[in-house]
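Listed below are the residues making up each chain.
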Amino acid sequence: MNYKSLAAHNAACNKIYRQFQDCEAEHPYRRLVGYCEHIHKAMIKCIKEQPKTKRLKSENDYGKKLCKKEEDNMLENAVKDIADGREISLQEQEYDELIDSNKKASTIVDSDKETSAIVDSDDESFTFPPDEDVSGMLDEVQYNGNFPTVTDRYFTPYYKMDAQSLGNDTCIWIHSNRICMLSLAPSHIILQDNKDIQKVDFKVSDKLDRSLNKVSGKSKHGAQPLQTNSNICTILCKDGQTYVIKCYIVGKLIEVNNALSENPQLLKKLPHKGGYLAIILPNLKVLENFKQSTLTHDKYIEHIKEKESKQQ
């Protein structure tokens, strides 16, 4: 630490610093053997005591400010008490006036009650509707007796027909936030023939099991990558038929419906009741191309009608 520089810029120790300078100037050789050391030590001591001196001065100043603040508060409270006393006297006067006005108002209200009783007795033609009558409540709502499901409200379906085999129809539901849900289409042969599902196997190869997919974070780190021809699962029915389900969309696998491993028959239910296969985070760059390669719901209905007419 350069005590000389500190002492030179310190008002309290500047005098000692000048004595030290004079000593070194007068004794250029003796200073080398410690002739001015006693002045140097005094200068160092002065520098080290400065923080303590400043702290004591600061505490003293703070005490004075605190005392002044308390005095100001006491004066302010005294003024406030005087004002409150005046206000209380005014409130008492207003209270007396309020009592007088209430007495006058009660007389007017009693007369109004008598008048209203006469009016009510004359108006006997009005009848209230029964409590169970809710007609008119849904006039402004397009309601046909069935509320739309969560899937219908927030998802838009796109259909892939006869994928891999005849009747192996799948549906990709795209949420408003563009997350995709994979399920069987209503026209899938399993649902049409009401087949008994023996197993839904998410182990698509010896080295790849979709059910072991784990993701983390906003970017879904660790998610299994998917291509249009990537297998999601294999459905085995009790009649011996197997159906391979592909994802048909480029993206990342968020999760598969592991509940199907324990209860395969759950796949026959609607998606919002557990009848879905997987949740997929699509690649937004190719999402529009995917939509163009599939059928919308209206085109899907037309396709089913044409198919039924040909069978007849």
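As the structure is a computational prediction, the values presented were derived from the model and not from experiment.

**What about the side chain of His188?**
Part 1 of the argument: Structurally, His188 can be placed in the loop between strand E3 (180-184) and helix H5 (189-192).
Part 2 of the argument: Beyond its immediate sequence surroundings of up to four residues, His188 is in contact with Gly167, Asn168, Asp169, Tyr243 and Ile245.

**A short note on the environment of Leu184**
Part 1 of the argument: Here Leu184 shows up in strand E3.
Part 2 of the argument: Given the relative accessible area of 8%, Leu184 is considered buried.
Part 3 of the argument: Measuring from C-alpha to C-alpha, the distance between Leu184 and Lys269 comes to 9.8 Å, with 85 residues separating the pair along the chain.
Part 4 of the argument: The contact partners of Leu184, leaving out residues within four places of it in the chain, are Asp169, Thr170, Cys171, Ile190, Leu191, Ile235, Ile245, Leu267 and Leu277.

**Some details on the sheet that holds strand E9 (residues 278-282)**
Part 1 of the argument: Spatially, six strands are ordered E1-E2-E3-E9-E8-E5 in an open sheet, and the strand pairing comes out antiparallel. The open sheet has two edge strands, strand E1 (155-160) and strand E5 (224-226), and neither has a second partner. Averaged over all adjacent pairs, the angle separating strand axes in this sheet is 35°, with direction ignored.
Part 2 of the argument: Bridging between E1 and strand E2 (residues 170-175) involves six bridges; their strand directions are antiparallel. When the sheet's bridge partners are listed, Pro157 is paired in E2 with Trp173.

**As for the sheet that holds strand E6 (residues 231-237)**
Part 1 of the argument: Overall, antiparallel pairing links the three strands, which are arranged E4-E6-E7 in an open sheet. What marks the edges here is a single partner per strand, and that holds for strand E4 (197-201) and strand E7 (242-246). For this sheet, the mean inter-axis angle between neighbouring strands, taken without regard to orientation, is 20°.
Part 2 of the argument: With four bridges joining them, E4 and E6 adopt antiparallel strand pairing. Counterpart to Lys199 in the pairing with E6 is Leu236.

**Notes on the packing of aromatic side chains**
Aromatic ring pairs are described here by two measures, namely the spacing of the ring centres and the angle between the planes.
Part 1 of the argument: One pass over the full model with this rule turns up one aromatic pair.
Part 2 of the argument: Consider the rings of Tyr159 and Tyr300, whose centres lie 3.7 Å apart with planes at 10°: the pair is stacked. Of this pair, Tyr159 sits in strand E1 while Tyr300 sits in helix H8 (residues 297-311), placing them 141 residues apart in sequence. The two residues Tyr159 and Tyr300 agree in class, both being buried.

**A short note on the pairing of E6**
Part 1 of the argument: Direction of pairing for E6 relative to E7: antiparallel, over a ladder of five bridges. Within E7, the position partnered with Cys233 by the bridge is Ile245.

**Points about unusual backbone geometry**
Part 1 of the argument: Within the chain, Asn194 stands out as a residue other than glycine whose phi angle is a positive 50°.
Part 2 of the argument: Relative to the helices and strands, Asn194 is located in the loop between H5 and E4.
Part 3 of the argument: Its relative accessible area of 53% is what places Asn194 among the exposed residues.
Part 4 of the argument: Positioned with a positive phi, Tyr248 is a non-glycine residue whose angle comes to about 65°.
Part 5 of the argument: The topology assignment puts Tyr248 in the loop between E7 and strand E8 (251-256).
Part 6 of the argument: Residue classification places Tyr248 among the buried residues on the basis of a relative accessible area of 9%.

**Observations concerning the environment of Thr156**
Part 1 of the argument: Locating Thr156 in the fold gives a position in strand E1.
Part 2 of the argument: Residue classification places Thr156 among the partly exposed residues on the basis of a relative accessible area of 39%.
Part 3 of the argument: Distance from Thr156 to Trp173, taken between C-alpha atoms, is 5.4 Å for residues 17 residues apart in sequence.
Part 4 of the argument: Those residues in contact with Thr156 that sit more than four places away from it in its chain are Ile172, Trp173 and Ile174.

**A few points about the pattern of salt bridges**
Part 1 of the argument: Throughout the structure, instances matching the rule amount to three salt bridges.
Part 2 of the argument: Here Lys291 makes a salt bridge to Glu288, at a shortest N to O gap of 3.6 Å. One end of the pair is Lys291 and the other is Glu288, both in helix H7 (residues 287-292) and three residues apart, which spans about a single turn.
Part 3 of the argument: Under the relative-accessibility criterion, Glu288 is labelled partly exposed at 47%.

Quick notes on the rules
- Residues numbered from 1 in each chain as written.
- Predicted model: local features only at pLDDT ≥ 70, side-chain atom pairs only at ≥ 80, totals over all residues.
- Heavy atoms only, no water.
- Helix = DSSP H or I, 4+ residues; strand = E, 2+ residues; numbered from the N terminus.
- Contact = heavy atoms within 4.5 Å.
- Buried < 20%, exposed > 50% of the residue type's maximum accessible area, 1.4 Å probe, protein only.
- Pairing = 2+ DSSP bridges.
- Axes fitted to C-alpha atoms, helices over the stretch in contact; angles between N-to-C directions.
- Phe/Tyr/Trp six-rings, centres within 6.5 Å; stacked < 30°, edge-to-face > 60°.
- Salt bridge = Lys/Arg side-chain N within 4 Å of Asp/Glu carboxyl O.

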